[in-house]
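A closer look at the structure
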Amino acid sequence: MMKETVLSRSMRLMFSGGVAVGIGMIAMPALAQEAVSTQRVEVTGSNIRRAQSETASAVQTLSRADIEKSGKASVAELLQSLAVDNQGSVPTTFGNGFAAGASGISLRGLGTASTLVLVNGRRVAPYGLADDGQKVFADLNLIPLEAVERVEILKDGASAIYGSDAIAGVVNVILRKDYKGTTAKVSYGQTTGYNDGKDVRATITHGFGDIDTDKYNVLLNFEYGNKGKANYRDRDDRRQVGKSDLRPYGFSAQESLSGAGAIVDNNLAGSAVNGNVRNPTTLDYYNRGNLAGTGFTRLFPGAACGNFTTHPQGDPLGGCLTDAAQQYNEIQPKQETFNFFGRGTRQITPDLQAYVEYNLYKSNSVSSTTPSTVSGSVGYPGGPVSNAGVALGAGHPDNPYFGTAARLRYIATDVGQRVSTIDSTFTRLVAGLKGTQGAWDFDTAFLYSENTVSNSRTGYLARAATFALLNPTVTNVANARAKSAAYAALPAGTYWRIAENAGLNSAAVYAALSPTVSNDAKTKVTQIDFKASRELGKLDGGNIGLAIGGEFRRETVNLDPSSGTETGDVIGLGYSAYKGSRNVGALYAEVLAPVAKSLELSAAVRADHYTDVGNAFTPKLGAKWTPVKEFAVRGTVARGFRAPSAAENGEGGLAAFSSAIDPTRCALGVTSACSPASVAVITSPNKDLRPEKSESTTLGFVWDPLPKTSMSLDFFQIKRNNEINQEQTSASIAAGQVSRDPTTATAIPGDPGGITAVLAKYVNSASTTVQGADLDFRQGFDLGTGYGKLTVDAKWTHLFKFLRKEKDGSEFDFAGTHGNCDVTNCIGTPADRVNLGATWERDAFRVSTIVNYRGKLDNKLFKNDPAGCASFFADGTDAPNGCKLASFTTVDMSFRWLANKNVEVFGTIQNLFDRIPPLDPLTYGAQSYNPLDYSGALGRYLNVGVKYKF
């Protein structure tokens, strides 16, 4: 029997997460001085079963206890709080994003598409809605919390083991293999100051049969969750959180950071709740409620701003200001989930075991946002669609320039909020055999995994009907009749009455204006795999380990466009659709060679063939050197790859929105063009894309100087080449790849008019090099008889650089800045993320404290940006705080009390000190705060529950 020494145990704990386990707080295990027996185990990042679970790669493990101590309601929430997560992650709270209803992790900040998520070591079907319309990823919400045994996070490249997508690392969710008994668990949570965001969860887990005596085991787990929404409008006391009107914080009404309704400049105005209209002669905008509007032929006293809002006014050009984001948007959407996991195991013979696993996850999420404006431009594969020309017709009864058509800027509050209802169903079936044949251990299985998503939207405006009901020209009416049966059924001469006269509209008018917009998506993965491992000859350090394997899978992805977007007929909603399928075959091998008692070498290689992009060959080498029992050095070098997704090289396209300045108009003196504003970006797939390739290196040490002291330090570098990106928005604008609307030009000579769309495609455009370090520290204390024990730990990830290099040689370092804003949410790239933890345990009591720290960010698009700060105050100075986003720290607490052998009472407090996040004027993933600081926007959150074992 192989033995596990004191050092190997301590190192195993460190490599498996015992140093800090992400959020740490593991109770310090007793480090016995005598050797103990151990069984061979398989660790994420290797197919070779071994007597010691530490490898040359750094693996962070989150146990069930760690999840409980974190106080997080789901594995998804926990993973996104870890220091290894960075820019590009997808929070469930982003209810208005492309991938609304799902949650994804971005290891090292390289994006969800470069982080491979496995369940029990095998792939799952990706979420049906790609992040940013491009990045296909696995939804973390599908993980059944109570069925989790542990989560292993491999923090370096692993394509040599797992194939595509494992450039930044691997998250392997390991579910329970067997269980006996019955456990029920219920919990309830809500914010303490706002009585919202309610979270109700109920779980029952039942297992029967004993593998050893009965030769079978069946595990059944069912979980129900119901999370309530939390609104910005209920958080007026949380400073800038949820507010788009930032005048109290130093910004101007003449910027995009002024809520809704401002008149900005000649020929430029925001959308007002009572309507801003343009003088047909001077091109100046005036509010409909302005009784002194230049050139008005009709006056509308009922359109007075005060009849619509009590929001503070003060627009120097007379706009009616409101804060639509605060009034209508949400911090988090409503979501209801059902999750079932079942596993059956049958020991056929002492050397052969059959197993089957089945997952079923259903989610219904409802998110809402501001009412639609009438002028939001969009794009579709046929090109940009400018809605800037929308106007009140010459005969429209609400037109203050009655007799002449006048352009209109109006937020359609009478239509109501835009609401998105997403139903997602995930299924996963695995049936396999594992066992021993001679000297070989083997595992083979069939996998089928599927995700179907249905997205239904209300509150969006149909372009053709909107134009015709506001300005019934012959062309507009003919277009609307051709596209909308609901419009064609309306009496001739019907108008959409706006603002104070909206009550005159019939239900039929609104049915024509705002039909339900829907689309469906489906992804499928079918796979057959086989792997086997054995021990060969013996070297000075032990037996040689060998693993071989292969797999074949078929991937199918299909996203239908939202109805109407295929012709650009939905105002403010861009086109997104893709379709593709491919076959993938792979063979791989791995060797573990303990060449000496103090030196272990490992090597792995994998060959993949994709029917759409060809072949990939990815090797990996590793070494672990233990010169003395208290100290070990480890390191790896590896190559990786990511094959293009169907969204990138299939059929379809994407019309989305990004934030950018307009340098051409800014240079001419159009002040509003100097601040970032929303622009449509039309991106086309590219069948000539090559796979992304990566080279990764890790080097670190583990030091265990005392029985209850452990620390490790790992340096890492990942260089990703042939990156598949949308052409950068700013670069496309600089290159003139834009469509403009000259009718929006100001009186400034040479003004070409505002950008209606940026034209781009997916390209192998750049390389990114990420360099950083992970530091883990843990210290345990025995507090003496009757006082229990204390464990403190720290986990710190620091980025030295996050350097993107374009083909033209230009370089952009995003580390510590707010860039890259072409990536999900525009949350920035914090150079520092830290998790500190402390856990006290005595008898039946356990109390844990977690400190989460996000480092400060320079509010620049990249380091040393010659354009300077990305935002400015009204007085022209850098915003905020001298162009810096302050760091943010929260403290969470959790407790557990074992009332008796059957009853456990638990509770958590998130954001214990009710910290408010700092101002972030640039991100589009949240309103005026960074999405990483979500808990600060939500407020102090209390959750209590009870678990009962029958």
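Please read these numbers as outputs of a predicted model, since none were measured by experiment.

**What to know about helix α6 (residues 463–470)**
- In terms of burial, α6 is a largely internal element, eight of the eight residues being buried.
- Taken as a whole, α6 has its buried residues at R463, A464, A465, T466, F467, A468, L469 and L470.

**What about the pattern of salt bridges?**
- Taken as a whole and judged by the stated rule, the model has 43 salt bridges.
- Across the pair D774 and K155 runs a salt bridge, and its minimum N-O distance is 3.7 Å. You can see D774 sitting in strand β38 (residues 754–782) and its partner K155 sitting in the loop between β6 (148–154) and α4 (159–162), a full 619 residues away along the chain.
- For D774, a relative accessible area of 2% puts it in the buried group.

**A look at the side chain of N686**
- Structurally, the position occupied by N686 is in the loop between β34 (677–684) and β35 (692–706).
- A distance of 3.1 Å separates a polar atom in the side chain of N686 from the backbone oxygen of Y762.
- Every residue in contact with N686, bar those within four places of it in the chain, is listed here: E648, N649 and Y762.

**Let's talk about the environment of D813**
- Topologically, D813 is positioned in strand β40 (residues 811–813).
- Sequence separation between D813 and L861 is 48 residues; the distance between their C-alpha atoms is 9.0 Å.
- Among the polar contacts listed, one links the side chain of D813 to the backbone nitrogen of F802, at a separation of 3.0 Å.
- Within the structure, D813 has its side chain in polar contact with the backbone nitrogen of A815 (distance 3.2 Å).

**Structural notes on unusual backbone geometry**
- With an omega of 5°, the peptide bond between G819 and N820 qualifies as cis.
- Considering the arrangement of structural elements, one finds N820 in the loop between β40 and β41 (832–842).
- Here the bond from A879 into P880 is cis, since omega is -15°, no more than 30 degrees from zero.
- Looking at where P880 falls in the secondary structure, it is placed in the loop between β45 (878–879) and β46 (884–885).

**Focus on the sheet that holds strand β22 (residues 406–409)**
- Sheet architecture is open: four strands sit in the order β15-β14-β22-β21, paired in antiparallel fashion. The strands lining the two open edges of the sheet, one partner per strand, are β15 (285–287) and β21 (391–392).
- Two strands pair when backbone bridges link them, and strand β14 (residues 276–278) and β22 are joined in this way by two bridges, in the antiparallel orientation. Bridge assignment links V277 to a residue of β22, and that residue is L408.

**Notes on the packing of α6 against helix α7 (residues 474–483)**
- Two elements in contact, α6 and α7, have axes separated by 8 Å at closest approach and are oriented at 140°. Crossing geometry of α6 relative to α7 is assigned as left-handed. Contacts between α6 and α7 involve A464, A465, F467 and A468 on the former and, on the latter, N476, V477, N479, A480 and K483.
- Split by residue class, the contact of α6 with α7 holds six nonpolar, two polar and one charged.

**Looking at the packing of aromatic side chains**
- The tally for this structure, following the rule as stated, stands at 16 aromatic pairs.
- Consider the rings of F208 and Y216, whose centres lie 6.3 Å apart with planes at 70°: the pair is edge-to-face.
- Among the residues examined, F208 registers a relative accessible area of 35% and is labelled partly exposed.
- Overall, Y216 belongs to the partly exposed group, its relative accessible area being 30%.
- Taken together, Y286, F296 and Y401 form an aromatic cluster joined through their ring pairs.
- Positioned above the aromatic ring of F906, the side-chain terminus of K185 is 5.0 Å from the ring centre.
- Taking NZ or CZ as reference, R288 lies 4.7 Å from the ring centre of F300, over its face.

**A closer look at the pairing of β38**
- For β38, the tally of buried residues reaches 22 of 29 residues, placing the bulk of the element in the interior.
- In terms of strand pairing, strand β36 (residues 709–726) meets β38 through 16 bridges, oriented antiparallel. Pairing of R720 across the sheet is with T768, part of β38.
- The sheet contact formed by strand β37 (residues 738–741) and β38 spans four bridges and is antiparallel. Note on β38: the bridge partner recorded for D741 is G754.
- As paired strands, β38 and strand β39 (residues 789–806) are joined by 17 bridges and run antiparallel to one another.

**Details of a positive patch on the surface**
- Taken together, the side chains of R639, R690, K693 and K807 make up a positively charged region of the molecular surface.
- Residue position: K807 is located in the loop between β39 and β40.

**Side note on α7**
- The set of residues buried in α7 consists of N476, V477 and A480. Summarising the axial view, the buried residues of α7 lie within an arc of 95°, below the 170-degree limit, and thus occupy one face. Residues of α7 that are exposed and angled more than 90 degrees away from the buried face: V474, T475 and A482.

**Describing the state of the cysteines**
- Per the counting criterion, the structure on display carries four disulfides.
- Put simply, C666 and C674 are joined by a disulfide, and their sulfur atoms are 2.0 Å apart. Taking the sign of the torsion about the S-S bond as the criterion, the disulfide between C666 and C674, at about 105°, is right-handed.
- On the basis of relative accessible area, C674 is assigned to the partly exposed category, the value being 26%.
- The disulfide partner of C869 is C883, and the gap between their sulfur atoms is 2.2 Å.

**What to know about the nonpolar core**
- Core analysis: the biggest nonpolar cluster contains 44 residues, and V75, L79, V148, V151, I153 and V171 have the highest contact counts within it.
- For this core, the secondary structure elements donating two or more residues are α3 (75–79), β4 (115–119), β6, β7 (169–175), β36 and β39.
- Excluding anything up to four places from it in sequence, I153 contacts A58, V59, Q60, L62, L79, L82, L107, V170 and V171.
- Counting residues in each nonpolar core, the second largest holds 30 residues, with V277, A468, Y487 and A499 among its members.

**Remarks on the confidence of the model for the chain**
- Averaged over every residue, the pLDDT of the chain is 90; residues scoring 70 or more account for 94%.
- Under a pLDDT of 50 for its full length, residues 1–38 has, in the predicted model, 124 contacts with residues more than four places off or in other chains.

**Section: the pairing of strand β48 (residues 903–910)**
- Of all eight residues that make up β48, six are buried, and the element is covered over most of its length.
- As defined by bridge partners, strand β47 (residues 888–898) adjoins β48 across six bridges and the pair is classed as antiparallel. Residue pairing across strands places S894 opposite T908, the latter belonging to β48.
- Here β48 runs beside strand β49 (residues 941–949); their pairing, made up of eight bridges, is antiparallel.

Scoring rules and cut-offs
Residues numbered from 1 in each chain as written. Predicted model: local features only at pLDDT ≥ 70, side-chain atom pairs only at ≥ 80, totals over all residues. Heavy atoms only, no water. Buried < 20%, exposed > 50% of the residue type's maximum accessible area, 1.4 Å probe, protein only. Helix = DSSP H or I, 4+ residues; strand = E, 2+ residues; numbered from the N terminus. Salt bridge = Lys/Arg side-chain N within 4 Å of Asp/Glu carboxyl O. Polar contact = N/O pair within 3.5 Å; in protein donor to acceptor, adjacent residues only side chain to side chain. Contact = heavy atoms within 4.5 Å. Pairing = 2+ DSSP bridges. Axes fitted to C-alpha atoms, helices over the stretch in contact; angles between N-to-C directions. Left-handed = near helix turned anticlockwise from the far one by under 90°. Nonpolar A, V, L, I, M, F, W, Y, C, P; charged D, E, K, R; others polar. Phe/Tyr/Trp six-rings, centres within 6.5 Å; stacked < 30°, edge-to-face > 60°. Lys NZ or Arg CZ within 6 Å of the ring centre and 35° of its normal. Patch = residues over 30% accessible without salt bridge, like charges linked within 9 Å, V, L, I, M, F, W, Y side chains within 5 Å. Areas by Shrake-Rupley, 256 points an atom, 1.4 Å probe, with all protein chains shown as cover. Lys, Arg positive; Asp, Glu negative; His and termini not counted. Charge placed at Lys NZ, Arg CZ, Asp CG, Glu CD. Arc of directions from axis to C-beta. Disulfide = S-S within 2.5 Å. Core = buried A, V, L, I, M, F, W, Y, C linked by side-chain atoms within 4.5 Å. pLDDT = per-residue confidence, 0-100.

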